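This is what each chain is made of:
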Amino acid sequence: MKTVYAFLADGLEEVEALMVIDLLRRTHKLNVVTVSIKDELLVESSHQIKVYADKTIDEIDFEAGDCIFLPGGLPGTTNLAACKKLTDRILEYNEQGKLLAAICAAPTVFSGLGLLNDKNATSYPTMESQMDCKAYGGSVVTDGNFVTGKGLGVALEMGLELIRILVDQETSDAVADAIQYSR
């Protein structure tokens, strides 16, 4: 079973995070672990919603992971980018060809690390100036081991795309059918 680490930071966009996490967990074929970048499990969203992560960043085994997922939101994205433990592992995951996914403002974390220079990518439109990539734009963009999403409005589409990549198209279609989503 593949493992997805979904990183949570104070100031995250909770719906982006929870929509993707929920869809991935509905497959019953992925181990989805929510991870606080802090020393405590409690994280507060940009809309003051409190979320408890499954583990802290110091409690996970990065080697066991297959995918890192970053939800957007501000200052959540800024907090993710400032977490050296996380950014070091993002660089390692990229070197290993492991899946790296981010939505809304969070693709700027990958861009800030110089990882999107030769990739097609997207982000929340106001973040475009921070996106150093080959081609910019779209709703959900998959290029190599990167999946980037424009924002909250495409969180469902992004979750289904991650299921397609991590499991298969049939499972992605089954989850879409189960939640009454017509593509």
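See above for the structure.
Residues numbered from 1 in each chain as written. Predicted model: local features only at pLDDT ≥ 70, side-chain atom pairs only at ≥ 80, totals over all residues. Heavy atoms only, no water.

Engineer: Explain the overall build of the protein chain to me, using residue names and the numbers behind them.
Structural biologist: Helices and strands together make up the secondary structure of the protein chain, namely six helices and 11 strands. Relative to the compact-globule value of 16 Å for 183 residues, the protein chain shows a C-alpha radius of gyration of 15 Å, a close match. Judged by the C-alpha coordinates and their principal axes, the protein chain covers about 40 × 35 × 35 Å. Across the 183 residues that make up the protein chain, the buried fraction comes to 52%. (Helix = DSSP H or I, 4+ residues; strand = E, 2+ residues; numbered from the N terminus. Rg over C-alpha atoms; globule rule 2.2 N^0.38 Å. Buried < 20%, exposed > 50% of the residue type's maximum accessible area, 1.4 Å probe, protein only.)

Engineer: Could you give me a rundown of the pairing of strand 2 (residues 30–36), with the residues and numbers involved?
Structural biologist: Counted residue by residue, strand 2 has six buried out of seven residues, so it is predominantly covered. Pairing of strand 1 (residues 2–8) with strand 2 involves seven bridges; the strand directions are parallel. What sits directly across from Val4, in strand 2, is Val32. In this view, the connection linking strand 1 to its parallel neighbour strand 2 by way of helix 1 (residues 14–26) has right-handed handedness. Both strand 2 and strand 5 (residues 55–56) contribute to a ladder of two bridges, which runs parallel. Within strand 5, the position partnered with Ser36 by the bridge is Thr56. (Pairing = 2+ DSSP bridges. Right-handed = clockwise from strand over helix to strand, strands pointing away.)

Engineer: Before we move on, could you go through the pairing of strand 6 (residues 67–70) and cite the residues and values that matter?
Structural biologist: Put simply, side chains in a regular strand alternate between the two faces of the sheet. In strand 6, alternate side chains face the same way, and those of Cys67 and Phe69 on one face and Ile68 and Leu70 on the other are all buried. Direction of pairing for strand 1 relative to strand 6: parallel, over a ladder of three bridges. In the sheet register, Ala6 faces strand 6, and the bridge partner there is Phe69.

Engineer: Talk me through the environment of Ser123; I want residue IDs and the actual numbers.
Structural biologist: Here Ser123 lies in the loop between strand 8 (120–121) and strand 9 (135–136). For Ser123, a relative accessible area of 1% gives the class buried. Residues Ser123 and Gly144, 21 residues apart in the sequence, show an inter-C-alpha distance of 17 Å. Beyond its immediate sequence surroundings of up to four residues, Ser123 is in contact with Cys104, Pro107, Glu128, Met131, Tyr136, Gly149 and Lys150. A distance of 3.0 Å separates polar atoms of two side chains, one belonging to Ser123 and the other to Tyr136. (Contact = heavy atoms within 4.5 Å. Polar contact = N/O pair within 3.5 Å; in protein donor to acceptor, adjacent residues only side chain to side chain.)

Engineer: A description of the state of the cysteines should follow, citing residues and the corresponding values.
Structural biologist: A complete count under the given rule lists zero disulfides for this structure. Cys104 takes part in no disulfide bond, and the closest cysteine sulfur to it belongs to Cys133, at a distance of 15 Å. (Disulfide = S-S within 2.5 Å.)

Engineer: Just give me the short version of the packing of helix 5 (residues 155–166) against helix 6 (residues 169–178), but keep the residues and values in it.
Structural biologist: Helix-helix packing is characterised by the crossing angle of the two axes and by the distance between the axes. With their axes 7 Å apart at the nearest point, helix 5 and helix 6 run at an angle of 150° to one another. Regarding the angle of helix 5 to helix 6, the classification is roughly antiparallel. Here helix 5 runs over helix 6; the crossing is right-handed. On helix 6, the residues that touch Leu160, Ile163 and Arg164 of helix 5 are Gln169, Thr171, Ser172, Val175 and Ala176. Per-class residue counts for the contact of helix 5 with helix 6 are four nonpolar, three polar and one charged. (Axes fitted to C-alpha atoms, helices over the stretch in contact; angles between N-to-C directions. Parallel < 35°, antiparallel > 145°, perpendicular 65-115°, else oblique. Left-handed = near helix turned anticlockwise from the far one by under 90°. Nonpolar A, V, L, I, M, F, W, Y, C, P; charged D, E, K, R; others polar.)

Engineer: Tell me about the nonpolar core, and please be specific about residues and values.
Structural biologist: The nonpolar side chains of soluble globular proteins are, as a tendency, buried together. Ranked by size, the top nonpolar core spans 32 residues in total, and within it Leu24, Phe69, Met158 and Leu162 carry the most contacts. Looking at this core, the elements that each hand over two or more residues are strand 1, helix 1, strand 2, strand 6, strand 7 (99–103), helix 5 and helix 6. Considering each element in turn, this core owes the most residues, seven residues, to helix 5. With residues up to four places along the chain from it excluded, the contact list for Met158 reads Phe69, Ala101, Ala102, Ile103, Val140, Val147, Thr148 and Gly149. (Core = buried A, V, L, I, M, F, W, Y, C linked by side-chain atoms within 4.5 Å.)

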